[in-house]
Each structure stands twice: as C-alpha cells, then as structure tokens.
Amino acid sequence: MNNFKYFAPTHVEFGKGVEERAGALVRQFGGKKVLLHYGGGSVKRSGLLDRVIASLDAAGVPWVELGGVVPNPRISKVREGVELCRREGVDFLLAVGGGSAIDSAKAIGYGLAYDGDVWDFYARKATPTASFPVGCVLTLAATGSEMSDSSVISNEETGQKRGVNTDLCRCKFALLNPELTYTVPPYQTAAGCADIISHTMERYFAGEETVEPTDSIAEGVIRSVIEMAPRALRNPEDYEARAAIMWAGSLSHNGLTGCGHGGHGRVGDWACHQLEHELSGMFDVTHGAGLAAIWEAWSTYVMPCAPKRFARFARNVMGVAEADDEKAALAGIAAYKEFLRSIGMPTNLRELGLTLTDEQLDKLAYNCSFEGTRDIGSVRILAESDMREVYRLAR
Ligand code: NZQ
Ligand code: ZN
C-alpha cells in the first residue's frame, strides 16, 4: 500500500428534507451573505429553490441569486458571478443543482479571492492560494463535486475544458436528499451512474498491486451502482435506488476508493477523464456519456499492461467465471460495455453522436496532451500518439 492522504472535510447531511438545513448551515460556516447559484431552471420548476430561500430567510441570511449555469459550465458565467458577488458583498456561495452549478460556485469562490482573471487558475498560469467558502444542495448524483477537490470549467472562446484541484474549494457542507433526484431525466441518470463508476475505476485501475480494504470498497461501490441504476431507470421514485446512487457518487470522488493506490507517482489513472474533458470541451457532450463512449477503447488499449487487475474487476464486479486472466479481463470489458448499453449509454463516439475526421482526432489528442507537453494515465502511460489511438479506436 502506498502512503496516502485522505482529507474529506465536507459536512454531509443525507436524507429527506435536508435542504431545509441550508440556512442554518450557512450561518454555522460563517456566511453573512449568500450567492444562490443554479442552472437552467430545474430547481425553480421543482420548487426546491423556494424551499432553500425560505430556509435562508428563516436563518436571517440575506441572499442574491445567479441562475443560468449550463452543463459544462462556462467561464463567462463564473466571471459574471465574481462581479456580482463583489458588488453585493457576498461571502458564501451556495450551489443548488448538479456538478455544473457546484463547479461554477467553486470557481467563483476562487475568483473572489484573487485579483486577476479566474481563468488563470484553469489555464495553469496561477495557483489558487485562497477561496471563498462553498456549500451545496445536490440535485443530481454524478460528479461527486459535493465532496471532491475539483472544479471543472469550460472556456467557450478557446474550446478548452480544464479542471483545478485543490482542497481550498471543497464544499463546507453538502445536503443530499435522494428525493431531489427523482426528476432527473433517464439519460442524465444513466450518465451520472457512468460517471460515478468511472470515478471509482480511475482509482481502481491504477496499478497491478492489491490494496485492501480499498479494493473491496471500490468493488462494492461499483456493484451497488450496477445493481441500482436499472432500478432508478425503471422507477425514478425508487428511494433506495436513488439513495444508493447518490451516496455512491459522493464516496466515489471523495478519495476513499483510491486510498493507497497509485502508480508512476499518480493517484489513479484518470486517462478516461482527461480524454473525455477534451470531448466535452470541443463538442459539449454530456460528461458521463462521453466517459461511457471511450471506456471500451481505453480499456482494450491498456488492458495488456494490467491483465490481472482487469481480471480481478471481471471476476469480483462483473461476475465473470474464467480461470485465464486475459480471457477473464476481456470478458469483463465486454460485460461492462453491455451494462452501459443496457442503461442507454453510448459505447463509442458514433453512438455519442460524433462522427470525427482524422483532423479532429489530431486536435483532440493535441489538446489533451496540453499541446504535446504532458502524458496521462497510470495503468499505461499515454503519450499524445496513444491518446489519438484511443480516440481512433473509440470512433
Ligand atoms: O440546469 P438545470 O435546469 O438544473 O438542469 C440540469 C442540466 O440540464 C439537469 N438537472 C440537474 N438536476 C436535476 C436536473 N433535471 C431535473 N431534475 C433534477 N433534479 O441535469 C442537467 C445536467 O446537470 P449538470 O449539473 O451539468 O450535470 P452533472 O452533475 O453531471 O455535472 C457535469 C459537470 O461536472 C463536471 C463535468 O465535466 C461537467 O462539466 N465534473 C465535475 C467533477 C468535480 N467537480 O469533481 C468531476 C467530474 O469528473 C466531472 O468532470
Ligand atoms: Zn467524472
């Protein structure tokens, strides 16, 4: 087992009605004036925003609001948020929504504590040293942003999508009511499940060595989502299924499923995420669906470097009964692909709705390698040419 740091400071309250705790928790964490930050309107239609506002009012916390965060949230909205918060004297960001609203709130938090342009952090021109506090009421189980150290923002001018990872942006509190996810449409529900599983896989496929109990936790989390996703799709108001998926989402991306893992000095593999971020940066696809679309290509490409690991996944997660490691590994890849298909996820780029030219493959790989300056991955290190090959295999 490698040395590791596990830091999951977010105060979580889980269950029916927890959104009504928003006002009290903002006060508890020192907020004097709140920005309510949300997306395209689902939280208004559901009445959630009104309930959160009532809770802020009851706690005597003044607020201003800024909606209109889009999936793959934009830097322009972040800049608008920073300006508004400065003007209004806001000192606490409260995201009500999915990963996009939370990531945008985290970015505003960075921007408020910085004199320059907040994109500097995402462009790697500066490193954040401070942030304003963020809390969230989650409405979509997917990204794990409610407990993660990550904020991912797209720059609509450059077509770049970039993440910043620091403990500074971790939510002070996360309010998780599974009932709030009943209205999530089937495609987003399935994409969320693919994303959750991917966050655990990125840490699980990180090297050959066994790390217990981390491996067993990771396998259990993935098995839970595989079991519960079809239930949530069949009956969107299945509380136990929605609850399991929601908690799996937080556990998958708060570091728990990676403790002690890592190869080549990297905690986790993250190649699928890096490859996907270029896809959603350039083509604005749904993140979880993009991950699903490249998984088979990536896993087939890297599996020969870690057949035992993939065989373990096949046997312990996908129930493959096959003695030979390589055959088991391939059967596991096929079985997981079948699962993705069964929940309506794409399993290649065509099914994702993209027909890519050779030039577009070049551009994706060039961007993903940060213009030829980095490699990615851990199970197998991928240089720019490997990235292009994975995109080609996924085409
Ligand atoms: O905008 P509204 O109207 O709220 O609608 C949203 C949006 O259209 C809708 N939705 C959310 N909750 C709903 C609902 N519709 C009905 N009922 C509800 N309860 O769902 C759509 C997608 O929302 P979004 O927040 O974009 O989805 P998600 O949570 O999947 O977030 C995706 C973003 O997070 C990034 C992704 O790259 C992407 O930009 N990620 C963030 C991570 C992190 N911060 O740790 C890690 C991930 O790997 C990921 O990269
Ligand atoms: Zn993700």
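In what follows, the accompanying structure is described. (Residues numbered from 1 in each chain as written. Chains lettered and ligands numbered in written order. Predicted model: local features only at pLDDT ≥ 70, side-chain atom pairs only at ≥ 80, totals over all residues. Heavy atoms only, no water.)

**Examining the packing of helix H7 (residues 186-204) against helix H10 (residues 271-283)**
Going by this rule: Axis lines are fitted through C-alpha atoms, for helices just across the contact stretch, and the angle between N-to-C directions can take any value from 0 to 180 degrees. Put simply, DSSP H or I for four residues or longer makes a helix, DSSP E for two residues or longer makes a strand, and each gets a number counted from the N terminus. Reported orientations rely on four angle classes, namely roughly parallel under 35 degrees, roughly antiparallel over 145, roughly perpendicular from 65 to 115, and oblique for the rest. Any pair of residues with heavy atoms lying within 4.5 Å of one another is described as a contacting pair. Note on residue categories: nonpolar means Ala, Val, Leu, Ile, Met, Phe, Trp, Tyr, Cys or Pro, charged means Asp, Glu, Lys or Arg, and polar means any other residue, Gly included.
Packing of H7 against H10 brings their axes to within 9 Å, and their N-to-C directions diverge by 135°. As summarised for this structure, H7 and H10 are arranged oblique, according to the angle between their axes. Across the interface between the two elements, Asp195, Ser198, His199 and Glu202 of H7 pack against Ala271, Cys272 and His273 of H10. A class-by-class count of the residues in the contact of H7 with H10 yields two nonpolar, three polar and two charged.

**A short note on the packing of H10 against helix H15 (residues 384-394)**
For the record, the criterion: Put simply, a crossing is left-handed when the front helix is turned counterclockwise from the back one by less than a right angle, and right-handed when it is turned clockwise.
Running from amino to carboxyl end, H10 crosses H15 at an angle of 70°, the nearest separation of the two axes being 11 Å. In this view, H10 runs roughly perpendicular relative to H15, as classed from their interaxial angle. Handedness of the crossing formed by H10 with H15: right-handed. On H15, the residues that touch Gln274, Leu275, Glu278 and Leu279 of H10 are Met387, Val390 and Tyr391. Considering only residue class, the contact of H10 with H15 consists of five nonpolar, one polar and one charged.

**Focus: the nonpolar core**
To be explicit about the condition: Throughout this description, the term nonpolar core refers to a set of buried Ala, Val, Leu, Ile, Met, Phe, Trp, Tyr and Cys residues connected via side-chain atoms within 4.5 Å. When a residue's accessible area, from a 1.4 Å probe over protein chains only, is under 20% of the maximum for its type it is buried; when over 50% it is exposed; and in between it is partly exposed.
Of all hydrophobic cores here, the largest spans 101 residues; its most connected members are Trp298, Phe310, Phe313, Tyr336 and Leu382. Residue contributions to this core peak at 10 residues, all from helix H11 (residues 287-302). Excluding anything up to four places from it in sequence, Tyr336 contacts Ala194, Ile197, Met201, Ile226, Trp295, Phe313 and Met318. If you look at the next biggest cluster of nonpolar residues, it comprises 22 residues, including Val18, Val52, Phe92 and Val137.

**Focus: the coordination of the zinc ion (ligand 2)**
Stated formally: Nitrogen, oxygen and sulfur within 2.8 Å of a metal are treated as its donors, or within 3.2 Å for sodium, potassium and calcium (Na, K, Ca); water is not counted, so a site can appear incomplete.
Protein coordination at the zinc ion (ligand 2): the donors are Asp195 (OD), His199 (NE2), His273 (NE2) and His287 (NE2), at 2.0 to 2.2 Å from the metal. Counting gaps between the donor residues of the zinc ion (ligand 2) yields the pattern D-x3-H-x73-H-x13-H. One end of the pair, His273, is in helix H10; the other, His287, is in helix H11, and 14 residues separate them in sequence. Since its relative accessible area comes to 5%, His273 is described here as buried. Residue His287 is classed as buried on the basis of its relative accessible area, which comes to 13%.

**Quick look at the pattern of salt bridges**
The test is simple: Counted as salt bridges are all cases of a side-chain nitrogen of Lys or Arg within 4 Å of a carboxyl oxygen of Asp or Glu.
Summed over the entire model, instances satisfying the criterion amount to 22 salt bridges. Arg21 is the partner of Glu13 in a salt bridge, and the nearest nitrogen-oxygen pair spans 2.8 Å. On the basis of relative accessibility, which here comes to 16%, the residue Glu13 falls in the buried class. For Arg21, a relative accessible area of 32% corresponds to the partly exposed category. In the salt-bridge network here, residues are joined through shared partners; they are Glu212, Asp215, Glu219, Arg309 and Arg312.

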